[in-house]
Amino acid sequence: MNDRPVALITGASAGVGRATARLLAERRYDMGLVARGTDGLDAARKEAEAAGVGTVAISADVTEPDQIAAAAERTEAALGPIDVWINNAMTTVFAPFVELTPEEFDRVTRVTYLGVVNGTRTALERMRPRGRGTIIQVGSALAYRGIPLQSAYCGAKHAIKGFTESVRTELANAGSPIRVTMVQLPALNTPQFELCRAKVPNEPQPVPPIYQPEVAAEAIVWAAEHDRRELLVGMPTVATVWGNRLAPGVLDRILARRGVASQQTPRRRDPTRPDNLLKPVPGDHGAHGGFDRDARPRSGQLWATTHRGVVAGGLVALAAAAWRASRR
């Protein structure tokens, strides 16, 4: 144990979790890395250790409260008290709701929603007696707007939002300084589209515009270190949130026309490929999916929302300059 902050990340073996682990290692966090698949976990552990930080890699299923509690115990025994808990694990099935079995819907809900509930409970059990800590819920623009082919996932992300608001108000009522933050993400180039279960004709894809998972990692780490209730990432997320507030019926019609096709590539789906709904797909899948050519490596909106003082100062300076020019 040392004086470095300690973070625990669920879903740490691939995608957003993997990119976040890399950035936290750069920022000198020790980490508990939690996921089901051991191949990706081992690779993530080696990357963190190569960066010179302490790491514990733990194979656990977020749907099992006892396993998550044990992961927290192992992390703190090895590294010290957890300062930041990042609930990131997810899964989905690309299919119309009427084609989802009850078991598939239940599994997506248990991983994506109840995994957050279990993680939050375990984090609070440890943070409340200490009177400190930060919990990050990795959300999505789909916490505000449901889209076709992802009813279970959208329902889970909506549920996380309501759950988080409830917990946040309870902590405020108790006078607790523990922070609970949601980071709402845009479409990302992660391996989930090659790994998730699908029942559509073609291979699934993120809805363009697509961002690299490092954009998400930057937002998550920033939220861990700053007091922000919620962080919207990327202009598509901002547009989705406000568009659904102002004209939900219009979005209904747009998504009815375009939402199914925009989530599929021209490539036919291989019906024999394995998926990660019930068990991990072997191998180290890394942070990136197959859309590097189309994915944006940065977000101007994220920079602006995380540098509000600079933006406000620039706007004041521009206004002052315009006023002086008008007086000449």
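This text gives an overview of the structure that appears in the document. (Residues numbered from 1 in each chain as written. Predicted model: local features only at pLDDT ≥ 70, side-chain atom pairs only at ≥ 80, totals over all residues. Heavy atoms only, no water.)

## Re the packing of helix H1 (residues 15-26) against helix H2 (residues 38-50)
Put simply, H1 and H2 touch, their axes get as near as 9 Å, and they point 20 degrees apart. With respect to their mutual orientation, H1 and H2 come out roughly parallel. For the crossing formed where H1 meets H2, the hand is right-handed. Mapping the contact onto sequence places Arg18, Arg22 and Ala25 in H1 and Gly40, Ala43, Ala44, Glu47 and Ala48 in H2. Per-class residue counts for the contact of H1 with H2 are 4 nonpolar, 1 polar and 3 charged. (Axes fitted to C-alpha atoms, helices over the stretch in contact; angles between N-to-C directions. Helix = DSSP H or I, 4+ residues; strand = E, 2+ residues; numbered from the N terminus. Parallel < 35°, antiparallel > 145°, perpendicular 65-115°, else oblique. Left-handed = near helix turned anticlockwise from the far one by under 90°. Contact = heavy atoms within 4.5 Å. Nonpolar A, V, L, I, M, F, W, Y, C, P; charged D, E, K, R; others polar.)

## Considering the sheet that holds strand S11 (residues 230-232)
Taken in spatial order, the 7 strands of this open sheet run S3-S2-S1-S4-S6-S7-S11, and their pairing is parallel. The two strands at the open ends of the sheet, each matched to only one other strand, are strand S3 (55-59) and S11. For this sheet, the mean inter-axis angle between neighbouring strands, taken without regard to orientation, is 15 degrees. Bridge count between strand S6 (residues 134-140) and strand S7 (residues 179-185): 7 bridges; the pairing is parallel. (Pairing = 2+ DSSP bridges.)

## Let's talk about the pairing of S7
For S7, a buried count of 7 out of 7 residues is recorded, marking the element as mostly surrounded by other parts of the structure. Here S7 shows no split at all, with Arg179, Thr181, Val183 and Leu185 on one side and Val180, Met182 and Gln184 on the other all buried. For the handedness criterion, the β-α-β arrangement of S6, helix H5 (residues 151-173) and S7 is classed as right-handed. Bridging between S7 and S11 involves 3 bridges; their strand directions are parallel. Within S11, the position partnered with Met182 by the bridge is Glu230. (Buried < 20%, exposed > 50% of the residue type's maximum accessible area, 1.4 Å probe, protein only. Right-handed = clockwise from strand over helix to strand, strands pointing away.)

## With respect to empty space enclosed by the protein
If you walk through the whole model with that rule in mind, you get 1 cavity of 30 Å³ or more. One number sums up the size of the largest cavity: a volume of about 40 Å³. Along its surface, the largest cavity is lined by Tyr144, Lys161, Glu165, Arg168, Met182, Arg229 and Glu230. The greatest single-element share of the lining of the largest cavity, amounting to 3 residues, is contributed by H5. (1 Å grid on protein atoms, 1.4 Å probe; cavity = no way out; pocket = protein on both sides within 12 Å on 5 of 7 lines; lining within 4 Å. Points joined across faces, edges and corners; volume = space filled by probe spheres on them.)

## As for the pattern of salt bridges
For the structure on display, the rule yields 20 salt bridges. Close ionic contact of Arg22 with Glu47 constitutes a salt bridge, the shortest N to O distance being 2.9 Å. With a gap of 25 residues between them, Arg22 in helix H1 and Glu47 in helix H2 connect regions that are remote in the sequence. Residues joined by salt bridges that share partners form a network here, namely Arg18, Arg22, Glu47 and Asp284. (Salt bridge = Lys/Arg side-chain N within 4 Å of Asp/Glu carboxyl O.)

## Description of the side chain of Arg168
Along the polypeptide, Arg168 turns up in helix H5. At 5.4 Å, Glu165 is the nearest oppositely charged side chain to Arg168, a buried residue that forms no salt bridge. Not counting chain neighbours up to four residues away, the residues in contact with Arg168 comprise Val180, Thr181, Met182 and Arg229. (Lys, Arg positive; Asp, Glu negative; His and termini not counted.)

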